[in-house]
Amino acid sequence: MKARNTIDEMSAVVQAHKEGKQIQYWYSQDGNFFETGTWEDCAGNPVFNFGCYIYRVKPEPKKVPL
């Protein structure tokens, strides 16, 4: 897992939240930046802490034709 969001990623996450998209953060019991962990949905109106967490816009499910 990478260590931090870049400035461009930070602005994209905040803009996506403003547009109503679901935001996720990286959660690891061993610390925020370890490989073992999961992406968790932010609930409600998140208070972004880019110094301690990594954020992303939740990926859209891909439709695969049968």
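In this report, the structure presented in the accompanying data block is examined. Along each chain, residues carry numbers from 1 onward, in the same order as the chain's sequence is written. Confidence filtering applies because this is a predicted model: local features only for residues at pLDDT of at least 70, side-chain atom pairs given and counted only at 80 or more, and all residues used for totals across whole chains, interfaces and linings. Hydrogens are left out, water is left out, and the side-chain values use all remaining heavy atoms of the structure.

**Observations concerning the overall build of the protein chain**
We count it as follows: Comment: elements are numbered from the N terminus, with helices defined as DSSP H or I runs of at least four residues and strands as E runs of at least two. Accessible area is worked out with a 1.4 Å probe on protein chains only. A residue is then buried under 20% of its type maximum, exposed over 50%, and partly exposed in between. Working rule for contacts: check all heavy atoms of both residues, and any pair within 4.5 Å makes them a contact. Areas reported as accessible are Shrake-Rupley estimates using a 1.4 Å probe. Residue values count occlusion only from the protein chains shown. Under the convention used here, Asp and Glu are negative, Lys and Arg are positive, and both His and the chain ends fall outside the count. Every charge is mapped onto a representative atom, which is NZ of Lys, CZ of Arg, CG of Asp or CD of Glu.
Secondary structure assignment for the protein chain yields one helix and three strands. Its helices and strands in sequence order give the protein chain the pattern α-β-β-β, from N to C terminus. By the burial criterion, 18% of the 66 residues in the protein chain qualify as buried. Across the protein chain, the fraction of contacts at a sequence separation of at least 24, relative to all contacts at a separation of at least 6, is 52%. Approximately 5,000 Å² of the protein chain is accessible, and the part contributed by carbon and sulfur atoms is 56%. When the 8 positive and 8 negative side-chain charges of the protein chain are each reduced to one mean point, those points stand 6 Å apart.

**Re the packing of aromatic side chains**
To keep things clear, this is the line we draw: Note on aromatic pairs: the rings of Phe, Tyr and Trp (six-membered ring only in Trp) are paired at centre separations within 6.5 Å, and the planes decide the class, stacked below 30 degrees, edge-to-face beyond 60, tilted for the rest.
Under the criterion given, the structure shown has six aromatic pairs. Between Tyr 25 and Tyr 53 the ring centres are 5.7 Å apart and the planes differ by 85°, which places this aromatic pair in the edge-to-face class. Pair noted here: Tyr 25 is in strand E1 (residues 23–27) and Tyr 53 is in the loop between strand E2 (38–41) and strand E3 (55–57), with a separation of 28 residues, a long-range link. Since its relative accessible area comes to 30%, Tyr 53 is described here as partly exposed. Relative to Tyr 55, the ring of Phe 48 lies with its centre 5.1 Å away and its plane at 80°, an arrangement referred to as edge-to-face. Its relative accessible area of 23% is what places Phe 48 among the partly exposed residues. In this structure Tyr 55 comes out as buried when scored by relative accessible area, which is 6%. Counting every residue linked through ring pairs, the aromatic cluster contains Tyr 25, Phe 48, Phe 50, Tyr 53 and Tyr 55.

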